[in-house]
Amino acid sequence: MNYDAIIIGGGAAGLFCAITAGKRGKKVLVIEHNQEVGRKIIISGGGRCNFTNLNVTAENFISQNPHFCKSALAGFTPQDFIELVRRYKIAYYEKTLGQLFCRESSRQIVDMLLTECSKAKVQIMTGCSVTGVSCNGDYQVETNQGTFSAAKLIVACGGLSFPKIGATGFGYDIARQFGLKIVETRPSLVALVMEGKAYTPLAGVTMEVIASSGEQSFRENIVFTHRGMSGPAVLQISNYWRAGDPVSFHLTPETDVVKHLTANRASRKNLNNVLAEIMPQRFAAAFAEREFDNKPLYQMNDREFDQLIEKLNGWQVKFSTTEGYDRAEVTLGGVSTNELSSKTMESKKVAGLFFVGEVVDVTGWLGGYNFQWAWASGFAAGNAI
Ligand SMILES: Cc1cc2nc3c(=O)[nH]c(=O)nc-3n(C[C@H](O)[C@H](O)[C@H](O)COP(=O)(O)OP(=O)(O)OC[C@H]3O[C@@H](n4cnc5c(N)ncnc54)[C@H](O)[C@@H]3O)c2cc1C
């Protein structure tokens, strides 16, 4: 069968691209190997899909070319997606920092996209595995349900994170097959594994910090895990962290540490008790014991006192690795933006071949940015095919 466009991958970017092209009268086929589309949307945001962010700028994205995402993000804004959500009367709320979540269920977003697909006469094949792609003028897509052809091929296969719900490296394989460069991929928005086991008994402890790696800082919560740390501050930092880099944590962003410790300078209380007044008790105990033998402040000399202040303002932690693609929300890297038009997402070398969404080397912060990139890049390609 012949289509104007075949889209491989029925996730956020693929569906949005299909809707956009279908509304323009294009005959579009979406091929999804899972039994249902949008599985990542369904599990996202703890089942409530953080579908966009009110404060989207290019600074919220990581890419070898930080300017690449600007055109698509300007062409389809968070407000545009919010209008669609409102039209479908999906209740939503701002959780924090501009992050918009469904009040009820992320399924509402998938249902909305499916209704839009049906209005735009998009054909969707689920449980359909692509076995090969070739091009002889038109694109031939071989699947377990037959061969389909189209003038345009849109690769919307996503990244490598969460393979248990269908993620594959197929999009990168197609890019390589057609000679496009891939920026090295790595798991991101992911928990980090600490070197050593000193803090593992703290699993479950949460505290607000400012986490920094290089130039980037995030003031959010961390959560200790059995192997290291997670929580929004660590997930955000994981976008910037490279193996070997230390991460620095300002442990008491709410408190003037110098004032608090100076007021307790002559105190006979053990350090853990002084610290427990400004941070979670369990963390205070482990930190005081591990880093300062839990010495009372009055026994510390000036050098030790200064070191304590320095550590509270910038505790350096070494992480050995990440929890990997099985637990990562996104994949950093991907199809090089040098290969693509930022206006249309079409390959500069191979006419009619497009890449949208997470498969491209554009990765957002935690907080709805990755879906906004999926909608926006899908929209850009959908208008160009
Ligand atoms: C647990 C979790 C929670 C998340 N929460 C949020 C959130 O709240 N907000 C946010 O902005 N981002 C969130 N993300 C990230 C977000 O889900 C992704 O960035 C986004 O889904 C990317 O969209 P995409 O369409 O490019 O890829 P995907 O949504 O991954 O879609 C790709 C599709 O292609 C299909 N596919 C893959 N290979 C093949 C193949 N060979 N043949 C056919 N089909 C194939 C896959 O099955 C999948 O359906 C979360 C991610 C995870 C894992």
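Predicted, not measured: the structure shown is a model, and the values here were computed from it.

## Quick word on the overall build of the protein
Of regular secondary structure, the protein possesses 12 helices and 20 strands. Once the C-alpha set of the protein is aligned to its principal axes, its extents read approximately 80 × 45 × 35 Å. Taking all 385 residues of the protein together, 56% fall into the buried category. Put simply, of all contacts in the protein between residues at least 6 apart along the chain, 72% involve residues at least 24 apart. Surface accessibility of the protein: about 16,300 Å² in total, with carbon and sulfur atoms responsible for 48%. Side chains of the protein give 39 positive and 36 negative charges; the mean places of these two sets differ by 3 Å.

## Topic: helix 11 (residues 302–313)
An ideal rise of 1.5 Å per residue puts 16 Å on 12 residues; helix 11 measures up with 17 Å between its terminal C-alpha atoms. Within helix 11, the full set of buried residues consists of Glu304, Phe305, Leu308, Ile309 and Leu312. Around the axis of helix 11, the buried residues are gathered within 140 degrees of arc, so they sit on the same side. Residues of helix 11 that are exposed and angled more than 90 degrees away from the buried face: Asp302, Arg303 and Glu310. Those residues of helix 11 that are buried lie in contact with strand 16 (246–250), helix 8 (257–263), helix 9 (271–275) and helix 10 (281–292). The opening residue of helix 11, the one whose side-chain oxygen lies 3.1 Å from the backbone nitrogen of arginine 303, is asparagine 301.

## Topic: the packing of helix 1 (residues 12–23) against helix 12 (residues 369–382)
A pair of packed helices can be characterised by two numbers: the angle between their axes and the separation between those axes. Where helix 1 meets helix 12, the closest approach of the two axes is 7 Å, and the angle between their N-to-C directions is 35 degrees. The handedness of the crossing between helix 1 and helix 12 comes out as right-handed. Two secondary-structure elements touch here, helix 1 through Ala12, Ala13, Phe16, Cys17, Thr20 and Ala21 and helix 12 through Phe371, Ala374, Trp375, Gly378, Phe379, Ala381 and Gly382. Of the residues contributing to the contact of helix 1 with helix 12, the split by class is 10 nonpolar, 3 polar and no charged.

## Quick word on the site of the ligand
Among the 31 residues in the neighbourhood of the ligand, the closest are listed as Ala13, Glu32, Thr168, Glu358 and Phe371. One of the side-chain N or O atoms of asparagine 34 is found 3.2 Å from an oxygen atom in the ligand. In this structure, an oxygen atom belonging to the ligand sits 3.2 Å away from a main-chain N or O atom of glycine 45. Summarising the interface, the protein chains cover 94% of the accessible area of the ligand, which totals 1,000 Å² for the free molecule. Of all the elements in the fold, those that place two or more residues in the shell around the ligand are helix 1, helix 2 (39–43) and helix 12.

## Re the packing of aromatic side chains
Inspection of every chain in the model, using the stated rule, returns 25 aromatic pairs. Here phenylalanine 16 and phenylalanine 81 contribute two aromatic rings whose centre-to-centre distance is 5.9 Å and whose plane-to-plane angle is 55 degrees, an arrangement assigned as tilted. Here phenylalanine 81 lies in helix 4 (residues 78–87) and phenylalanine 16 lies in helix 1, a separation of 65 residues in the sequence. Neither residue differs from the other here; phenylalanine 16 and phenylalanine 81 are each classed as buried. Summarising the aromatic geometry, the rings of tyrosine 199 and tryptophan 315 are spaced 5.0 Å apart at their centres and angled 65 degrees between planes, so their arrangement reads as edge-to-face. With tyrosine 199 in the loop between strand 12 (192–194) and strand 13 (206–213) and tryptophan 315 in strand 17 (residues 315–322), this residue pair connects regions lying 116 residues apart in the sequence.

## Brief notes about the pairing of strand 2 (residues 28–31)
Burial along strand 2 is two-sided: the face carrying Val28 and Val30 and the face carrying Leu29 and Ile31 are both buried. Examined bridge by bridge, strand 1 (residues 2–8) and strand 2 share 4 bridges and lie parallel to one another. Each residue of the ladder has a partner; that of isoleucine 6, found in strand 2, is leucine 29. With helix 1 bridging strand 1 and its parallel neighbour strand 2, the resulting β-α-β unit is right-handed. Note that strand 2 and strand 7 (residues 123–125) share 3 bridges and pair parallel. Paired with valine 30 across the two strands is isoleucine 124, which belongs to strand 7.

## A look at the domain arrangement of the protein
When its domains are assigned, the protein resolves into domain 1 (2–186 + 331–382) and domain 2 (192–322). Averaged C-alpha coordinates put domain 1 and domain 2 at centres separated by 39 Å. Contacts between the two partners involve 10 residues from domain 1 and, on the opposite side, 11 residues from domain 2. Between domain 1 and domain 2 lies a buried interface of about 820 Å² when both sides are counted; carbon and sulfur atoms form 47% of it. Counting the surface domain 1 buries against domain 2, the share from its top three residues, Arg186, Trp365 and Leu366, is 61%. Applying the counting criterion to the domain 1 and domain 2 interface returns 0 salt bridges. Put simply, the parts of the chain that give the side of domain 1 that touches domain 2 at least two residues each are strand 11 (182–188) and strand 20 (363–364). Taken together, the residues that form the side of domain 1 that touches domain 2 break down as 5 nonpolar, 2 polar and 3 charged.

Thresholds, definitions, all that
Residues numbered from 1 in each chain as written. Predicted model: local features only at pLDDT ≥ 70, side-chain atom pairs only at ≥ 80, totals over all residues. Heavy atoms only, no water. Helix = DSSP H or I, 4+ residues; strand = E, 2+ residues; numbered from the N terminus. Buried < 20%, exposed > 50% of the residue type's maximum accessible area, 1.4 Å probe, protein only. Contact = heavy atoms within 4.5 Å. Areas by Shrake-Rupley, 256 points an atom, 1.4 Å probe, with all protein chains shown as cover. Lys, Arg positive; Asp, Glu negative; His and termini not counted. Charge placed at Lys NZ, Arg CZ, Asp CG, Glu CD. Expected span 1.5 Å × (residues − 1). Arc of directions from axis to C-beta. Polar contact = N/O pair within 3.5 Å; in protein donor to acceptor, adjacent residues only side chain to side chain. Axes fitted to C-alpha atoms, helices over the stretch in contact; angles between N-to-C directions. Left-handed = near helix turned anticlockwise from the far one by under 90°. Nonpolar A, V, L, I, M, F, W, Y, C, P; charged D, E, K, R; others polar. Near = heavy atom within 4 Å. Phe/Tyr/Trp six-rings, centres within 6.5 Å; stacked < 30°, edge-to-face > 60°. Pairing = 2+ DSSP bridges. Right-handed = clockwise from strand over helix to strand, strands pointing away. Domains from an automatic or database assignment. Buried area = accessible area lost by both parts, 1.4 Å probe. Salt bridge = Lys/Arg side-chain N within 4 Å of Asp/Glu carboxyl O.

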